[in-house]
Amino acid sequence: MERFPLKSSVSKMATTYQSVYKKGTNEGNGHGGPSGDDDMVNIKPGPHRAADTPTTPTSHGTFQLYEHGTRYSDASATSYIAQYFSSSAGEADDIPGIGQYDDFHTIDWQRDIARDRMRHRYIVKKRQDSIWDLIKGAHDAWSGWVCVLLVGVCTGVVAGVIDIGASWMTDLKFGICPQAFWFNREQCCWSNDEITFDRENCSEWLTWPQVFGESREGPGAYIISYLFYIVWALIFAALSASLVRMFAPYACGSGIPEIKTILSGFIIRGYLGKWTLIIKSVGLILSVSSGLSLGKEGPMVHIASCLGNILSYLFPKYGRNEAKKREILSAAAAAGVSVAFGAPIGGVLFSLEEVSYYFPLKTLWRSFFCALIAAFILRSINPFGNEHLVLFYVEYNKPWKFFELIPFVGLGIIGGCIATIFIKANIYWCRYRKYSKLGQYPVTEVLVVTLVTAIIAYPNPYTRMNTSQLIYLLFNQCGISNTDPLCDYNRNFTDVNTIEKAAAGDGVYRAMWLLTLALVLKLVMTVFTFGIKVPCGLFIPSLALGAIPGRIVGIGVEQLANKYPKSWLFSGECSTGDDCITPGLYAMVGAAAVLGGVTRMTVSLVVIMFELTGGVRYIVPLMAAAMASKWVGDALGKQGIYDAHIALNGYPFLDSKDEFQHTSLAADVMQPKRNETLSVITQDSMTVDDVETLLKETEHNGYPVVVSKESQYLVGFVLRRDLNLAIANARRTMEGITGQSVVVLAGAAGAAGAALGHGPPPLPLARILDLAPITVTDQTPMETVVDMFRKLGLRQTLVTHNGRLLGVITKKDVLRHVKQMDNEDPNSVLFN
């Protein structure tokens with residue numbers, strides 16, 4: 001192959017980018033069109049190109065139904081398609097592996113969707129042939145619903161097991177139930193004849209000091225409890241980190257950044273595999289039980305997506321088509337949030353707003369169905385022993401007051417600030433971990449973080465308890481049965497159903513100081529915890545970080561209303577003796593504010609919050625806090641935590657929410673640059689040796705196919721993987737194929753063979769050629785090109801001028817250009 005394909009040996013040809021560009025623009029033609037014979041090459045039928053060869057593709061580069069320069073008849077075309085899709089009926093492909101992708105590569109959405117449409121047309125046409133084909137057609141139609149049904153059922157079952165296991169192992173740090181060791185504390189205490197469940201005073205539950213003969217209270221009991229808390233935490237964390245390191249390295253972290261990237265069309269082999277599923281599930285139980293500042297909600301999305309990926313292979317329609325598979329993964333992500341929060345509608349909106357890239361209407365319906373089934377199964381398992389799907393379900397019956405919008409918006413601002421501090425600190429620490437020696441000792445880091453967390457968490461009762469229990473406590477309304485210091489008010493209950501205004505006692509102020517300390521500790525420990533090599537989510541710690549300041553602000557407003565009831569602010573709303581302020585509501589709003597600031601969710605966040613708390617009447621306060629938090633977060637930092645981790649890992653994610661506001665052109669971004677070599681393949685004049693040499697000398701994922709190196713007129717595009725597979729398959733199955741055989745990608749293979757005389761037979765590879773690649777001209781604004789990549793899910797686009805090929809723009813080129821325009825490091829984009 002020539003070293004400079006764009007350099008022509010014909011003197012009249014346009015040989016470089018400048019000469020092609022000059023001919024198109026600098027002639028006297030005001031429209032920039034061709035003005036002379038040199039600008040357009042007359043492609044005449046030669047000895048190896050039939051004059052009547054059709055060049056119209058039947059679909060988007062999926063098939064080329066030509067042979068010997070003539071188009072197939074309809075019957076022949078049908079048989080050709082049947083041969084291609086025979087694998088759906090269990091037979092092998094002509095070329096095994098065609099249509100699949102290598103690891104860490106981006107899929108071609110248009111190609112995969114076109115393949116599915118062709119497959120669907122073939123099935124519909126075959127329905128009338130026999131009863132068996134009719135049954136196969138019906139199975140194909142309902143396979144999507146069956147698949148999401150199975151995903152929903154499996155997700156609900158796995159979530160129930162994880163909830164039950166995590167609840168038992170968390171209580172194991174504090175004691176054991178001697179009658180039945182597999183009971184957690186609540187189940188153990190409900191098993192006796194006591195009328196009410198008192199967590200602290202339960203005769204059936206033995207703390208570890210009691211197991212060793214000590215009393216429940218006292219210095220010795222405190223020391224023993226402290227030591228057991230630390231030891232169990234270290235054991236659980238060490239097991240979780242070791243399992244992840246030995247069996248499934250992809251099982252660490254939240255998984256949502258990678259799920260977002262995969263749903264955008266990126267391939268990460270093994271990330272949604274069976275080992276990742278098993279280790280993520282077991283490791284999640286262990287890491288949550290260890291007392292680390294993490295949650296299980298984000299990993300539940302990863303676990304559900306693993307189930308969706310595994311079950312999709314039961315249906316070739318989805319398992320063999322990466323674009324179609326992502327419809328199942330979107331539904332699985334919705335089911336993951338559904339079981340994590342008990343919020344099926346919120347799960348669907350989360351999948352739509354936060355993680356999914358391609359979300360057609362039928363995927364919305366299937367996601368809704370999948371989330372419904374998952375929530376129903378989890379409700380049937382009843383892992384928490386009550387009628388709700390989550391641990392901190394609370395109900396308020398008091399309406400909010402209009403003046404409370406001011407503190408609600410204030411909580412939104414506070415939440416945005418806390419979220420920004422967390423994101424910047426966590427990304428700084430994760431970047432340091434990635435590029436320092438610390439990243440070489442993942443298990444040691446987990447043990448150190450666990451040890452420090454356990455040592456500083458135990459003395460404070462609000463950091464010692466499970467984070468879900470803390471959120472429940474903060475969300476809850478003080479009633480007659482509450483014994484926590486947070487409810488230490490100087491009030492006398494005369495009626496169980498009414499709560500009078502009262503001044504806060506000493507216990508409330510002491511609890512507020514402990515909560516402030518807990519806020520600082522949890523913020524610092526979550527910064528160091530999110531990103532370590534164990535399964536760890538961020539939803540629950542974010543809710544806790546917001547619920548703590550929310551409760552404190554709520555108590556402050558409540559005490560103001562109690563102290564100044566005649567003030568103009570409170571006189572109209574709080575003139576009666578009843579308590580008109582609900583501090584738990586402020587905790588809920590604050591939790592939503594921080595979670596919204598960390599993840600940048602808005603609509604789905606509000607729906608999730610009112611689904612998991614039952615507070616439908618508090619939608620407006622939640623909306624106000626969520627919007628304020630998002631505005632503050634966007635003002636102080638550009639990205640949410642998941643987008644920041646995507647950028648840190650260098651994944652090729654082109655966010656559809658960002659706007660491209662620069663004035664560059666396609667010619668500024670395309671590869672190769674001006675006067676550089678462009679690697680191309682000619683349609684029917686290169687031998688097998690030439691093509692294999694090109695594949696060895698270059699590392700491109702695909703190659704433009706041109707009429708000839710002299711003309712550079714574009715014919716189509718062929719993928720590197722498909723070329724390798726096709727040539728290897730031809731050497732194995734076709735007789736006479738040698739290194740001197742001419743590779744025929746377009747035109748007539750028979751005519752090419754005749755032109756070569758008695759040489760080896762040509763190698764026809766027309767079926768792997770994409771005859772309709774997406775192309776743009778060199779003067780296309782990059783704003784348009786970026787929109788094409790986002791909305792069409794492109795892998796690459798070809799750049800032409802007057803029909804002649806100039807270069808290629810890949811997704812990686814676009815991402816690097818966007819980084820460069822935003823004054824960021826373009827080399828941070830690692831994959832294509």
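Computed from a predicted structure; not experimentally measured.

Here's the deal with the overall build of the protein
Next up, step 1: Secondary structure assignment for the protein yields 30 helices and 13 strands.
Next up, step 2: Classification of the 832 residues of the protein by burial places 55% in the buried group.
Next up, step 3: In the protein, of all internal contacts separated by at least 6 residues, the share reaching a separation of at least 24 is 73%.

Digging into the pairing of strand S13 (residues 804–810)
Next up, step 1: For S13, the buried fraction is high: seven of the seven residues fall into the buried class.
Next up, step 2: Pairing of strand S12 (residues 796–801) with S13 involves six bridges; the strand directions are antiparallel. Its bridge partner lying in S13, Gln796 is registered against Thr810.
Next up, step 3: Between S12 and S13, which follow one another and run antiparallel, lie two residues, and Asn802 among them has a positive phi close to 55°.

Concerning the packing of helix H15 (residues 405–435) against helix H21 (residues 583–599)
Next up, step 1: Interhelical geometry of H15 versus H21 gives an angle of 40° and a closest axis separation of 7 Å. Judged by the inter-axis angle, H15 sits oblique to H21. By crossing handedness, the relation of H15 to H21 is classed as right-handed. Counted together, Pro407, Phe408, Leu411, Gly412, Gly415, Ile418, Ala419, Phe422 and Ile423 of H15 and Leu585, Tyr586, Val589, Gly590, Ala593, Val594, Gly597 and Val598 of H21 form the full contact between these two elements.
Next up, step 2: A class-by-class count of the residues in the contact of H15 with H21 yields 13 nonpolar, four polar and no charged.

Considerations on the pairing of S12
Next up, step 1: Counting buried positions along S12 gives six out of six residues, so the element sits mostly inside the fold.
Next up, step 2: Neither face of S12 is open: one carries Gln796, Leu798 and Thr800, the other Thr797, Val799 and His801, and all of them are buried.
Next up, step 3: As a crossover connection, the stretch from strand S11 (residues 775–777) through helix H29 (residues 782–792) into S12 is right-handed.

Re the side chain of Asp163
Next up, step 1: Along the polypeptide, Asp163 turns up in helix H4 (residues 131–172).
Next up, step 2: Each residue touching Asp163, except ones within four places of it in the same chain, is listed here: Lys296, Leu378, Pro383 and Phe384.

Details of the sheet that holds S11
Next up, step 1: Judged by pairing direction, the sheet is mixed, and its three strands sit side by side in the order S11-S12-S13 without closing on themselves. Each of the sheet's edge strands pairs with one partner strand only, and the pair in question is S11 and S13. Pairwise comparison of adjacent strand axes, ignoring direction, gives a mean angle of 35° for this sheet.
Next up, step 2: Against the sheet, H29 engages S11, S12 and S13, with an angle of about 60° to S13.

Examining the sheet that holds strand S7 (residues 702–706)
Next up, step 1: Judged by pairing direction, the sheet is mixed, and its three strands sit side by side in the order S5-S7-S8 without closing on themselves. At either end of the open sheet lies a strand with only one pairing partner, and these are strand S5 (681–682) and strand S8 (714–719).
Next up, step 2: Across five bridges, the pairing between S7 and S8 is antiparallel. Bridge pairing links Gly702 to Leu719 in S8.

What to know about unusual backbone geometry
Next up, step 1: In the segment running from Gln671 into Pro672, the intervening peptide bond is cis, with an omega of -5°.
Next up, step 2: Mapped onto the secondary structure, Pro672 falls in the loop between helix H25 (666–669) and S5.
Next up, step 3: Its identity as a non-glycine residue notwithstanding, Gln712 has a phi of 60°, on the positive side.
Next up, step 4: Looking at where Gln712 falls in the secondary structure, it is placed in the loop between S7 and S8.

Re the state of the cysteines
Next up, step 1: Inspection of every chain in the model, using the stated rule, returns one disulfide.
Next up, step 2: Between the sulfur atoms of Cys177 and its disulfide mate Cys188 the distance is 2.1 Å. What sets the handedness of the Cys177 and Cys188 disulfide is the S-S torsion sign, and at about 75° it is right-handed. On the criterion of sequence distance, the pair formed by Cys177 in the loop between strand S3 (175–176) and helix H5 (185–190) and Cys188 in helix H5 is long-range, its members being eleven residues apart.

A closer look at the pattern of salt bridges
A side chain of one charge can pair with a side chain of the opposite charge when the charged atoms of the two come close.
Next up, step 1: Scanning all chains against the criterion turns up 23 salt bridges.
Next up, step 2: Between Arg111 and Asp722 there is a salt bridge; the shortest N-O distance is 2.5 Å. Linking Arg111 in helix H3 (residues 109–126) with Asp722 in helix H27 (residues 720–733), this pair joins segments that are 611 residues apart in sequence.
Next up, step 3: Note on Arg111: relative accessible area 10%, which makes it buried.
Next up, step 4: Between Lys296 and Asp163 there is a salt bridge, and its shortest N-O distance comes to 3.6 Å.

A closer look at a nonpolar patch on the surface
Next up, step 1: Side chains of Leu149, Val153, Val157, Val161, Ile164 and Ile381 sit close together on the surface and give an oily, nonpolar patch of about 410 Å² of accessible area.
Next up, step 2: Residue contributions to the nonpolar patch peak at five residues, all from H4.
Next up, step 3: By the element assignment, Val157 lies in helix H4.
Next up, step 4: Judged by its relative accessible area of 38%, Val157 is partly exposed.

What counts, and where the lines are drawn
- Residues numbered from 1 in each chain as written.
- Predicted model: local features only at pLDDT ≥ 70, side-chain atom pairs only at ≥ 80, totals over all residues.
- Heavy atoms only, no water.
- Helix = DSSP H or I, 4+ residues; strand = E, 2+ residues; numbered from the N terminus.
- Buried < 20%, exposed > 50% of the residue type's maximum accessible area, 1.4 Å probe, protein only.
- Contact = heavy atoms within 4.5 Å.
- Pairing = 2+ DSSP bridges.
- Axes fitted to C-alpha atoms, helices over the stretch in contact; angles between N-to-C directions.
- Parallel < 35°, antiparallel > 145°, perpendicular 65-115°, else oblique.
- Left-handed = near helix turned anticlockwise from the far one by under 90°.
- Nonpolar A, V, L, I, M, F, W, Y, C, P; charged D, E, K, R; others polar.
- Right-handed = clockwise from strand over helix to strand, strands pointing away.
- Disulfide = S-S within 2.5 Å.
- Salt bridge = Lys/Arg side-chain N within 4 Å of Asp/Glu carboxyl O.
- Patch = residues over 30% accessible without salt bridge, like charges linked within 9 Å, V, L, I, M, F, W, Y side chains within 5 Å.
- Areas by Shrake-Rupley, 256 points an atom, 1.4 Å probe, with all protein chains shown as cover.

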